[in-house]
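The primary structure of each chain is shown beneath.
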Amino acid sequence: MIYTDTRDKSVKTDFKTAVVGGMNEKTGGLYIPVEFPKLDKSFLNKNPEPNLRDIAFEMAKPYVEGEIPENDLKKLINDAYPFPAKVSGLDPNSYVLELFHGPTCAFKDFGARFMARVMSYFNRNEDKPLHILVATSGDTGSAVGSAFHNVPGLDVTILYPEGKISPLQEKQLSTFDGNVRALRVKGTFDDCQKLVKTAFTDNELRSSLRLSSANSINISRLLPQSFYYMYASLYVKNRAWQYNRIEDPSIIMVVPSGNFGNLTSGLIAKKMGAPITGFVAATNTNRTIPDWIATGDYNARPSVATYANAMDVGAPSNYERISAMYTLDDVRHLFASYWLDDSGIISSIKDCYAKTGYTIDPHGAVGWKAWSDIKNGAMAELAQGKKHDYTKPGLTPNLPDWADDVISKKNAIGVVLETAHPAKFGSIVEKAIGSKPIIPDRLEKVMRLEDKSIPMENDYNQFKSWLLENLR
Ligand SMILES: *Cc1c(COP(=O)(O)O)cnc(C)c1O
């Protein structure tokens, strides 16, 4: 596969360069494959659908062809995914796709574990370590730290905004030893991301350290997230008649979003043939993308702290990839877009629990509320010309092509991505439904480990000196 650059289409490179480089430091652009090959009809039409690992293998093959032999790829995938993505029904036209069954209980395990194994594969003949710098608003750091922990030849430095992530998330980041460490930065997530981005464009630093990224800008994190979209959409398609009495479902993926890596992966799955009709881009108060879809103006802004803190991103880096793959007009036809404030998040957790018995986390809750509003009249009002004020929580005023599937055909099925286990946000869930979710063993263990995080000012020169003194 040939990879190009979102800012310079004349760039042509291979998978290894795209993965190890993270982004193109010459242009500041992001790597993207030149094509997204469709899977064979015979594969897509299997009923029952292939399992997640077989889907992962088929989907990954074209992107690594000529660089990772099939047998190695198969091993890599089996090692990355010893846990499932689970789809379960919520009500007659909604499903939840649980993406929290990995070691750190968030969907980022899917991307991070694939990326770690790919990087380790590409680093197998090097004698200098590859230094991964990663900015996190919560779950990225722990997924990356966990995925890379004790992988030979790789070294990880995590930056997180001090005081802006939950105590449990902080424990998950700050308790690693050996080749993984965490810096707690006096700033926001955007500040952390800026420090990392500046490091990548710093030639002096790059001449002494081999650097790579691990946030959702890395293509090797984005591609594997497309696997579960394919799996879930085939799963729902194959069961829509049996479970929903819907013959020809219009499957809508509802994606709680921050940096928009997850949603971009959904777009990749659709291009590769997943039976997905459309998407709901659901955000918290950080509504840069909903505002872009509503007004046509893209205005990155500082992030605001919310209950769905892994989505507190004011300058989503994958806007660049989305706008390289689709025009704004395409996006308005394909996406509904929705945003929700903190009081809406609490009432959504409550509402979901009351109506379905399902305990949803604050991120999934943004998606659940978006989908229930859409199917309970918000889309119909929009079609009748009653446009909602996009500066208030709710649906942006564009009418997607699939609006009619919701309003009159009634064959739309929403699949809400549940991106984290609710126990990671126990006190917020408790505020909504009066009790805390049961904590899985793998989270409970982390709470007992010692915090080893290192304090860091929001200052590039200090960050750079620290890197040069402490990494080799
Ligand atoms: C990272 C994260 C998100 C947002 O995903 P993006 O790919 O950044 O849009 C949503 N929910 C949870 C729990 C996350 O950790």
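Residues numbered from 1 in each chain as written. Predicted model: local features only at pLDDT ≥ 70, side-chain atom pairs only at ≥ 80, totals over all residues. Heavy atoms only, no water.

Novice: Let's hear about the overall build of the protein chain: which residues, and what values?
Specialist: When helices and strands are counted, the protein chain shows 20 helices and 15 strands. Judged by the C-alpha coordinates and their principal axes, the protein chain covers about 65 × 50 × 45 Å. Here the protein chain, with 472 residues, has 61% of them falling under the buried criterion. Restricting the contact set of the protein chain to residue pairs at least 6 apart, pairs at least 24 apart contribute 77%. If you average the places of the 55 positive and of the 55 negative side-chain charges in the protein chain, the two averages end up 2 Å apart. (Helix = DSSP H or I, 4+ residues; strand = E, 2+ residues; numbered from the N terminus. Buried < 20%, exposed > 50% of the residue type's maximum accessible area, 1.4 Å probe, protein only. Contact = heavy atoms within 4.5 Å. Lys, Arg positive; Asp, Glu negative; His and termini not counted. Charge placed at Lys NZ, Arg CZ, Asp CG, Glu CD.)

Novice: Go over the UniProt feature "domain: Threonine synthase N-terminal" (unreviewed entry) in the protein chain, please, and point to the residues and values.
Specialist: What UniProt calls "domain: Threonine synthase N-terminal" (unreviewed entry) maps, in this numbering, to residues 3–81. In residues 3–81, the share of helix is 44% and the share of strand is 13%. The end C-alpha atoms are 25 Å apart. (UniProt positions renumbered as here; feature names shortened; annotations may be inferred.)

Novice: Mind laying out the packing of aromatic side chains, listing which residues take part and the relevant values?
Specialist: All chains considered together, the criterion is met by 17 aromatic pairs. Ring geometry for Phe15 versus Phe122: centroids 5.9 Å apart, planes at 70°, classification edge-to-face. Placement of Phe15 in helix α1 (residues 15–21) and of Phe122 in helix α5 (residues 108–122) is noted, with a sequence separation of 107 residues between them. Assessed through its relative accessible area of 0%, Phe15 is described here as buried. Its relative accessible area of 7% is what places Phe122 among the buried residues. Geometrically, the ring pair formed by Tyr81 and Phe227 is edge-to-face, given 6.3 Å between the ring centres and 85° between the ring planes. Taken as a pair, Tyr81 in the loop between α4 (70–80) and β4 (86–91) and Phe227 in helix α10 (residues 219–244) lie far apart in primary sequence, 146 residues in all. In this pair, the class of Tyr81 matches that of Phe227, namely buried. Taken together through their ring pairs, the aromatic side chains of Tyr81, Phe83, Phe110, Phe114, Phe227, Tyr228, Tyr229, Phe279 and Phe335 make up a single cluster. (Phe/Tyr/Trp six-rings, centres within 6.5 Å; stacked < 30°, edge-to-face > 60°.)

Novice: Just give me the short version of the side chain of Thr175, but keep the residues and values in it.
Specialist: Position of Thr175 relative to the elements: it lies in the loop between α7 (167–174) and β8 (180–185). Looking at Thr175, its side chain comes within polar contact range of the main-chain oxygen of Lys171, at 2.8 Å. Not counting chain neighbours up to four residues away, the residues in contact with Thr175 comprise Val446, Leu449, Glu450, Asp451 and Lys452. (Polar contact = N/O pair within 3.5 Å; in protein donor to acceptor, adjacent residues only side chain to side chain.)

Novice: For the pairing of β4, give the residues involved together with the corresponding values.
Specialist: Bridge count between β4 and strand β5 (residues 94–98): 5 bridges; the pairing is antiparallel. Bridging from a neighbouring strand, Lys86 pairs with Glu98 of β5. Joining the antiparallel neighbours β4 and β5 is a turn of 2 residues. (Pairing = 2+ DSSP bridges.)

Novice: Outline the sheet that holds β4, supporting the account with residue identities and numerical values.
Specialist: Across the sheet, 7 strands lie side by side as β4-β5-β14-β10-β11-β12-β13; this open sheet has mixed pairing. One side of each edge strand has no neighbouring strand; the edge strands of this open sheet are β4 and β13 (394–395). Each of β10 (250–256), β11 (278–283), β12 (335–339) and β14 (412–418) is contacted by helix α11 (residues 261–271), which is oriented at about 175° to β11, the strand it contacts most. (Axes fitted to C-alpha atoms, helices over the stretch in contact; angles between N-to-C directions.)

Novice: I'd like to hear about the site of the ligand, residue by residue, with values.
Specialist: Neighbouring the ligand are 15 residues; Lys108, Asp139, Gly258, Asn259 and Thr419 lie closest to it. Calculation on the ligand without its partners gives an accessible area of 380 Å², and the protein chains cover 98% of this total. Residues of the shell around the ligand, tallied by class, amount to 6 nonpolar, 7 polar and 2 charged. (Near = heavy atom within 4 Å. Areas by Shrake-Rupley, 256 points an atom, 1.4 Å probe, with all protein chains shown as cover. Nonpolar A, V, L, I, M, F, W, Y, C, P; charged D, E, K, R; others polar.)

Novice: Pulling in residues and values, what's your account of the sheet that holds strand β2 (residues 23–24)?
Specialist: One open sheet holds the 3 strands; their spatial order is β1-β3-β2, and the pairing between them is antiparallel. Strand pairing shows two members of the sheet lacking a second neighbour, β1 (3–5) and β2, which therefore form its edges. Direction of pairing for β2 relative to strand β3 (residues 29–33): antiparallel, over a ladder of 2 bridges. Considered in β3, the bridge of Asn24 is made with Gly29. On the sheet, α10 packs against β1 and β3 and is oriented at approximately 40° with respect to β3.

Novice: Describe the side chain of Asp5, naming the residues involved and giving the relevant values.
Specialist: As for its position among the elements, Asp5 is in strand β1. Buried and without a salt bridge, Asp5 has Arg7 as its closest oppositely charged side chain, separated by 5.9 Å. A polar contact of 2.7 Å, which involves the side chain of Asp5, links it to the side chain of Asn24. A distance of 2.5 Å separates a polar atom in the side chain of Asp5 from a polar atom in the side chain of Thr27. (Salt bridge = Lys/Arg side-chain N within 4 Å of Asp/Glu carboxyl O.)

Novice: Outline the pattern of salt bridges, supporting the account with residue identities and numerical values.
Specialist: For the structure shown, the criterion picks out 18 salt bridges. Arg181 serves as the salt-bridge partner of Asp155, at 2.9 Å between the closest nitrogen and oxygen. Residue Asp155 is located in strand β7 (residues 154–161), and its partner Arg181 is located in strand β8; the two are separated by 26 residues in the primary sequence. By the burial criterion, Asp155 is buried, and Arg181 matches it. For the salt bridge of Glu204 with Lys464, the shortest nitrogen-to-oxygen distance reads 3.2 Å. Note that Glu204 is positioned in helix α9 (residues 203–208) and Lys464 in helix α20 (residues 460–470), a separation of 260 residues in sequence. Residue class for Lys464 comes out buried when judged on its relative accessible area of 13%. Through salt bridges that share partners, Asp202, Glu204 and Lys464 make up one connected network.

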